[in-house]
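One-letter residues, chain by chain:
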Amino acid sequence: MRVTVLYFARLREAVGRDRETLELPPKVVTVGALRQWLIDRGSPWTEAFTGIQRIRAAVAQDMAGEETLLTEGAEVAFFPPVTGG
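Residues numbered from 1 in each chain as written. Predicted model: local features only at pLDDT ≥ 70, side-chain atom pairs only at ≥ 80, totals over all residues. Heavy atoms only, no water.

(A) The overall build of the protein, seen in detail. Along its length, the protein carries 3 helices and 5 strands. Along the chain direction, N to C, the helices and strands of the protein fall in the order β-α-β-α-α-β-β-β. Taken over the C-alpha trace, the protein has a radius of gyration of 12 Å; the compact-globule value for 85 residues is 12 Å, and the two agree within 12%. C-alpha extents for the protein along the principal axes are approximately 40 × 25 × 20 Å. In the protein, buried positions account for 39% of the 85 residues. Across the protein, the fraction of contacts at a sequence separation of at least 24, relative to all contacts at a separation of at least 6, is 53%. Surface accessibility of the protein: about 5,000 Å² in total, with carbon and sulfur atoms responsible for 50%. Of the charged side chains in the protein, 10 are positive and 11 negative, and the gap between their average positions amounts to 4 Å. (Helix = DSSP H or I, 4+ residues; strand = E, 2+ residues; numbered from the N terminus. Rg over C-alpha atoms; globule rule 2.2 N^0.38 Å. Buried < 20%, exposed > 50% of the residue type's maximum accessible area, 1.4 Å probe, protein only. Contact = heavy atoms within 4.5 Å. Areas by Shrake-Rupley, 256 points an atom, 1.4 Å probe, with all protein chains shown as cover. Lys, Arg positive; Asp, Glu negative; His and termini not counted. Charge placed at Lys NZ, Arg CZ, Asp CG, Glu CD.)

Structure, rendered in structure tokens:
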């Protein structure tokens, strides 16, 4: 399955890109599995995803949980929580 992953804020800075299109292995079918697969890729993804607490995700611009299923061509965004003033 092919998906586009978008990185925002500190994640974008940590991985050095704002997006990438990935061909996922067959076992990666949920947001949580995608997150773990990215961590398992090694540096800089490991540091990015383990160095920021409570990374949020959206699929097709809808908030998504760890168990949200991925579909072919999905756009998955990862972003840290933001604070405002």
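(B) Structural view of the nonpolar core. If you look at the biggest cluster of nonpolar residues, it comprises 24 residues, and the most contacted ones within it are Leu34, Leu38, Phe49 and Phe78. If you list the elements that add at least two residues to this core, you get β1 (2–7), α1 (9–15), α2 (31–40), α3 (45–51), β3 (56–59) and β5 (75–79). Ranked by residue count, the leading element in this core is α2, at 4 residues. Excluding residues within four positions of it along the chain, leucine 34 makes contact with Val5, Leu24, Val28, Leu70, Val76 and Phe78. (Core = buried A, V, L, I, M, F, W, Y, C linked by side-chain atoms within 4.5 Å.)

(C) Seen up close, the side chain of threonine 30. With respect to the secondary-structure elements, threonine 30 resides in the loop between β2 (19–23) and α2. Setting aside anything within four residues of it in sequence, one finds threonine 30 in contact with Glu66, Glu67, Thr68, Leu69 and Leu70.

(D) The pairing of β5, seen in detail. Bridge analysis of β1 against β5 gives 4 bridges, and the strand direction is parallel. Residue pairing across strands places tyrosine 7 opposite phenylalanine 78, the latter belonging to β5. Where β3 meets β5, 4 bridges bridge the pair, whose relative direction is antiparallel. Counterpart to alanine 57 in the pairing with β5 is phenylalanine 78. (Pairing = 2+ DSSP bridges.)

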